[in-house]
Amino acid sequence: YSPILAGHPFFSLYIEDFPHVMRKVCHRSASMHLVSAGDVVFSAGEMPNPPKMYFVTSGILEYFTTHGRRDTIHGSNGHASESTWLAEAALWTRWTHRGGLKARSDTRLCEVDAQSFQHIVGEFDHVAWDPRLYATRFVGLINELGPCISDLPVPTTALEEVLGTLRRSPRMSSRLSLSSKKSLASLLPIYEEGADD
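Residues numbered from 1 in each chain as written. Predicted model: local features only at pLDDT ≥ 70, side-chain atom pairs only at ≥ 80, totals over all residues. Heavy atoms only, no water.

K.L.:
Which residues make up the sheet that holds strand S7 (residues 100–103), and what values go with them?
P.N.:
Strand pairing in a sheet relies on backbone hydrogen bonds. The paired strands run either parallel or antiparallel. Here we have four strands laid out as an open sheet, ordered S2-S7-S4-S5, and antiparallel in their pairing. With partners counted over all chains shown, the strands left at the sheet margins are strand S2 (40–42) and strand S5 (70–74), one partner each. Looking at each pair of strands side by side, their axes are set apart by 25 degrees on average, direction ignored. Relative to S5, strand S4 (residues 60–64) runs antiparallel, the two sharing five bridges. Looking at S5, one finds that Tyr63 is bridged to Asp71. (Pairing = 2+ DSSP bridges. Helix = DSSP H or I, 4+ residues; strand = E, 2+ residues; numbered from the N terminus. Axes fitted to C-alpha atoms, helices over the stretch in contact; angles between N-to-C directions.)

K.L.:
Can you lay out the sheet that holds strand S3 (residues 52–58) for me, pointing to particular residues and giving the numbers?
P.N.:
The strand order across the open sheet built from four strands is S1-S8-S3-S6, with neighbouring strands paired in antiparallel fashion. The open sheet has two free edges, formed respectively by strand S1 (30–35) and strand S6 (84–86), since each of these has just one partner strand. Averaged over all adjacent pairs, the angle separating strand axes in this sheet is 30 degrees, with direction ignored. Bridging between S1 and strand S8 (residues 107–113) involves six bridges; their strand directions are antiparallel. Residue pairing in the sheet places Val35 in a bridge with Thr107 of S8. Where helix H5 (residues 114–122) meets the sheet, it contacts S3 and S8, and its direction lies at approximately 45 degrees from that of S8. (Contact = heavy atoms within 4.5 Å.)

K.L.:
Any details on the nonpolar core? Residues and values, ideally.
P.N.:
Counting residues in hydrophobic clusters, the biggest one holds 41 residues, and the most contacted among them are Phe10, Phe11, Trp92, Phe117, Tyr134 and Phe138. Broken down by secondary-structure element, the contributors of at least two residues to this core are helix H2 (9–17), helix H3 (19–28), S3, helix H4 (89–92), S8, H5, helix H6 (131–145) and helix H7 (156–168). Among the elements that take part in this core, H6 stands out by supplying seven residues, more than any other. Core analysis: the second largest hydrophobic core is formed by 14 residues, Tyr54, Leu86, Ala87 and Leu152 among them. (Core = buried A, V, L, I, M, F, W, Y, C linked by side-chain atoms within 4.5 Å. Buried < 20%, exposed > 50% of the residue type's maximum accessible area, 1.4 Å probe, protein only.)

Okay, here's the thing in structure tokens:
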């Protein structure tokens, strides 16, 4: 699953810096899911159980909101540089889907189970940089988006900027080490519904 996940800036850096953790994530948290044309993957207002982040590997989906916004999402056909992901926020905070996702053609999704991911990441010490710092900054980004928030990807440039700051200050992040073996989920920031209203 690493080639699929590597299309996302966080996972690309995490694979490079923590390959031993990502091996376990790929074996225990990631899975492929086949979706038939017409199937609904998730709906607006749904609190996913279990929460998942999705990578579209093939097929065509339609994302729609209750406000009438519609976006067509194409699969990457295995090219990490064309990777499309959805619902990243489910990895980092309690999440309610802001729109619906429906397959327009037969589709393959790579799913990352957020609870399993958080558990595995929480089992390891992170010396280079701490994923909780990324989580905190990611949730800060989506809080800034206010009513524009969706399940669609936050712009890659914003994610790369966040990751760049983490790599420049490893001493700060190492103080937040997960060596206490606490669950990552118990330490994650909260998305504040209507924070900017």
